[in-house]
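Breakdown of the fold
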Amino acid sequence: MRYLFDTHCHLDDIAYNDDRDSVIKELAGKMENILWCGTDLATSTMASEYAKMHDFIYCACGFYPHQTQGLFEQIASLEQLLTAEKCDFFLVFSLLYLL
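Keep in mind that what you see is a predicted model, and the values were worked out from it rather than measured.

So, helix α2 (residues 41–53)
If you check α2, its first and last C-alpha atoms are 19 Å apart, about what 13 residues at 1.5 Å a residue would give, namely 18 Å. Each element contacted by the buried residues of α2 is listed here: α1 (20–28), β2 (33–37), β3 (57–63) and α3 (75–82). The residue sitting at the N-terminus of α2 and contributing the capping side-chain oxygen is Asp40; that oxygen lies 3.2 Å from the backbone nitrogen of Ala42.

Examining the side chain of Lys86
As for its placement among the helices and strands, Lys86 is situated in the loop between α3 and β4 (87–92). Asp55 provides the closest opposite charge to the buried, salt-bridge-free Lys86, at an N-O distance of 4.9 Å. Within the structure, the side chain of Lys86 is placed 2.5 Å from the backbone oxygen of His54, a separation counted as a polar contact.

Structural notes on the nonpolar core
Counting residues in hydrophobic clusters, the biggest one holds 20 residues, and the most contacted among them are Leu11, Ile24, Ile34, Trp36, Ile57 and Leu78. Broken down by secondary-structure element, the contributors of at least two residues to this core are α1, β2, α2, β3 and α3.

Considerations on α1
Regarding α1, the residues found buried are Arg20, Val23 and Ile24. On an axial view of α1, the arc spanned by its buried residues comes to 100°, and they lie on one face. Exposed positions of α1 whose direction lies more than 90 degrees from the buried face are Asp21 and Lys25. Contacts from the buried residues of α1 go to β2, α2 and β3.

Notes on the packing of α2 against α3
Taken N-terminus to C-terminus, the directions of α2 and α3 make an angle of 15°; their axes are 10 Å apart at the nearest point. Considering their axes alone, α2 and α3 lie roughly parallel with respect to each other. Helix-helix and strand crossings are classified by hand; for α2 and α3 the assignment is left-handed. Facing α2, whose interface residues are Leu41, Ser44, Thr45 and Ser48, α3 presents Ser77, Leu78 and Leu81. In terms of residue class, the contact of α2 with α3 is made up of three nonpolar, four polar and no charged.

Criteria and thresholds
Residues numbered from 1 in each chain as written. Predicted model: local features only at pLDDT ≥ 70, side-chain atom pairs only at ≥ 80, totals over all residues. Heavy atoms only, no water. Helix = DSSP H or I, 4+ residues; strand = E, 2+ residues; numbered from the N terminus. Expected span 1.5 Å × (residues − 1). Contact = heavy atoms within 4.5 Å. Polar contact = N/O pair within 3.5 Å; in protein donor to acceptor, adjacent residues only side chain to side chain. Buried < 20%, exposed > 50% of the residue type's maximum accessible area, 1.4 Å probe, protein only. Lys, Arg positive; Asp, Glu negative; His and termini not counted. Salt bridge = Lys/Arg side-chain N within 4 Å of Asp/Glu carboxyl O. Core = buried A, V, L, I, M, F, W, Y, C linked by side-chain atoms within 4.5 Å. Arc of directions from axis to C-beta. Axes fitted to C-alpha atoms, helices over the stretch in contact; angles between N-to-C directions. Parallel < 35°, antiparallel > 145°, perpendicular 65-115°, else oblique. Left-handed = near helix turned anticlockwise from the far one by under 90°. Nonpolar A, V, L, I, M, F, W, Y, C, P; charged D, E, K, R; others polar.

Have a look at this one:
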């Protein structure tokens, strides 16, 4: 038996706006687990909410370097997301971009 774990996906992409739930339903039958990576507070929150609803979805909260405006003001909200049972990661992609 194969064990498939998608370690990096963005199901919050606008391409999934019309059929996100049906895509997730189909993935449930094909993937053991997926890690949905947020790229800002809104998408990290969405990933966390879907992780709560689906056993096979885990989330990572994060920011792309070009989306870090207001990052430090949002730390409390991020910390709240990180207390969720299935959210074990905080990512800021390419911190060197901020220097």
